[in-house]
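What follows is each chain in one-letter form.
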Amino acid sequence: MLADDCAPAHAAALTESLGYAHGHADEIRRMFVAGNVDSDRAAQLVQATHNAILAALDSLYELDDVQQQIDMREAMRGLSDEELFTALTAPLPDS
């Protein structure tokens, strides 16, 4: 299924984004530990960390969507034709 094929790529993107965020945050930490804080560089690193975390969050949402598709597929297994038709055609509840 497509969902199964996409999951590794989303997980890899999540890992990569979190790695960047960790690296940027670690560089900020090292600046503070050394007492050698370059405010311009620190601001750049904070923004880069923020961007990496947002990218990681996007990947996490994609993985959540994949998991929901897998869960729905599992829930549909074993349904009768009538139950499956009802599940596919019934109006969605308001969120």
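Residues numbered from 1 in each chain as written. Predicted model: local features only at pLDDT ≥ 70, side-chain atom pairs only at ≥ 80, totals over all residues. Heavy atoms only, no water.

### Details of the overall build of the chain
Across its full length, the chain carries three helices and zero strands. Against the globule reference of 12 Å for 95 residues, the chain gives a C-alpha radius of gyration of 21 Å, more extended than a compact globule. In terms of overall dimensions, the chain has a C-alpha envelope of 70 × 30 × 15 Å along the principal axes. Per-residue burial for the chain yields a buried fraction of 16% across its 95 residues. A fraction of 69% describes how many contacts in the chain between residues 6 or more apart in sequence connect residues 24 or more apart. Of the roughly 7200 Å² of accessible surface on the chain, 60% is carried by carbon and sulfur atoms. Taking the 5 positively charged and 17 negatively charged side chains of the chain as two groups, their mean positions are separated by 13 Å. (Helix = DSSP H or I, 4+ residues; strand = E, 2+ residues; numbered from the N terminus. Rg over C-alpha atoms; globule rule 2.2 N^0.38 Å. Buried < 20%, exposed > 50% of the residue type's maximum accessible area, 1.4 Å probe, protein only. Contact = heavy atoms within 4.5 Å. Areas by Shrake-Rupley, 256 points an atom, 1.4 Å probe, with all protein chains shown as cover. Lys, Arg positive; Asp, Glu negative; His and termini not counted. Charge placed at Lys NZ, Arg CZ, Asp CG, Glu CD.)

### As for a nonpolar patch on the surface
Residues Leu54, Leu57, Leu60 and Tyr61 make up a contiguous nonpolar surface patch of about 360 Å² in total accessible area. Tracing the chain through its elements places Leu57 in helix α2 (residues 39–76). In this structure Leu57 comes out as partly exposed when scored by relative accessible area, which is 32%. (Patch = residues over 30% accessible without salt bridge, like charges linked within 9 Å, V, L, I, M, F, W, Y side chains within 5 Å. Salt bridge = Lys/Arg side-chain N within 4 Å of Asp/Glu carboxyl O.)

### What about the pattern of salt bridges?
According to the stated counting rule, one finds three salt bridges in the structure shown. Ionic pairing is found between Asp26 and Arg29, a salt bridge with its closest N-O pair at 2.8 Å. A residue pair is termed a helical-turn pair when its members lie 3 or 4 positions apart in one helix, as Asp26 and Arg29 do in helix α1 (residues 2–34) at three residues. Judged by relative accessible area, Asp26 falls into the partly exposed class, the value being 22%.

### Structural notes on the environment of Arg41
Along the chain, Arg41 turns up in helix α2. With relative accessibility at 32%, the residue Arg41 sits in the partly exposed group. Discounting chain neighbours no more than four positions away, the residues touching Arg41 are Glu27 and Met31. Reaching out from Arg41, the side chain makes a polar contact with the side chain of Glu27 at a distance of 3.1 Å. (Polar contact = N/O pair within 3.5 Å; in protein donor to acceptor, adjacent residues only side chain to side chain.)

### Quick notes on the environment of Pro8
By the element assignment, Pro8 lies in helix α1. For Pro8, a relative accessible area of 52% translates into the label exposed. The sequence separation of Pro8 and Leu63 amounts to 55 residues, and the corresponding C-alpha distance is 9.0 Å.

Remember, this is a structural readout, not a statement about activity or role.
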